[in-house]
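Chain residues, written in single-letter form:
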Amino acid sequence: MTTVRDETRANIVEVAARLLRNESPVTIRAVAQAAGLQPPAIYRFFADKDALLDAVAEHVFTAYVTGKTPDESADPLADLRAGWDAHIAFGLANAPLFGLLIDPRRAAGPAAAIGMAVLRARVHRVAATGRLRVTERRAVELVHAAGTGAVLTLLAMPPDGRDTSLADTMYQAVLHAILADAPAPGVATPDLSKLTAAERALLAEWLDRPGG
């Protein structure tokens with residue numbers, strides 16, 4: 001059952017997140033004022049500003065992950081692209097919050113784990129079609145690293161001078177790195193969904209070899 005204390009804590013976190021979204025200074029005093037509290041009241045819930053930001057990161061992660069798990073379509077590659085586009089759009093629209101999300105100190109919580117699980121699931125569906133030329137783990141790492149890098153590069157540009165086609169080019173480069181050529185029309189695609197993870201990894205390693 002939600003208590004008054006729980007509601008007050010949740011309100012403090014949401015207020016701090018809102019200040020970040022608006023790119024306003026996030027200080028204990030500013031958060032307290034916006035939440036209608038005295039600054040000492042914040043310390044009843046959080047030891048310091050860093051602890052508050054940790055809670056904000058977790059809150060933002062949870063909301064973001066909840067919003068990036070739509071129903072699967074019949075096209076695994078289309079779903080992978082939809083996740084990429086959502087990641088880029090969120091990062092560009094929420095620069096200060098994105099900075100919290102990629103902070104290694106704050107990116108290991110349960111909500112972050114759920115976000116990575118979503119990406120792994122999407123990559124796994126692509127792998128089940130026989131299209132991956134690298135291991136699933138490698139594909140996840142490449143997509144995640146490229147997406148984060150693309151957002152950071154675009155955020156470093158003046159807003160009126162951002163070339164958003166950079167993200168598209170990066171995505172195509174990642175696909176080139178992780179996907180094998182599609183089978184020719186009329187050629188049956190082997191069902192790899194019955195292979196174990198170890199067998200798929202071995203197959204991907206074999207395909208990566210020169211002449212494989």
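Criteria and thresholds
- Residues numbered from 1 in each chain as written.
- Predicted model: local features only at pLDDT ≥ 70, side-chain atom pairs only at ≥ 80, totals over all residues.
- Heavy atoms only, no water.
- Helix = DSSP H or I, 4+ residues; strand = E, 2+ residues; numbered from the N terminus.
- Buried < 20%, exposed > 50% of the residue type's maximum accessible area, 1.4 Å probe, protein only.
- Expected span 1.5 Å × (residues − 1).
- pLDDT = per-residue confidence, 0-100.
- Contact = heavy atoms within 4.5 Å.

Caption draft 1: Structural view of unusual backbone geometry. Positioned with a positive phi, Glu23 is a non-glycine residue whose angle comes to about 55°. Relative to the assigned elements, Glu23 resides in the loop between helix H1 (4-21) and helix H2 (28-35). Take Glu23: its relative accessible area is 61%, and that puts it in the exposed class.

Caption draft 2: Summary view of helix H8 (residues 136-155). Under the 1.5 Å per step criterion, the end-to-end length of H8 is 29 Å for 20 residues, consistent within 8% with the ideal 28 Å. Buried within H8 are the following residues: Ala139, Val140, Val143, Ala146, Gly147, Thr148, Ala150, Val151 and Leu154.

Caption draft 3: Layout of the confidence of the model for the protein chain. Summary statistics for the protein chain give a mean pLDDT of 83 and a share of 80% for residues scoring 70 or more. Averaged pLDDT values for the elements of the protein chain fall to 58 in helix H10 (residues 197-208) and rise to 96 in helix H9 (residues 165-178). The low-confidence segment residues 184-189, where pLDDT is below 50, has two contacts with residues more than four positions distant or belonging to other chains.

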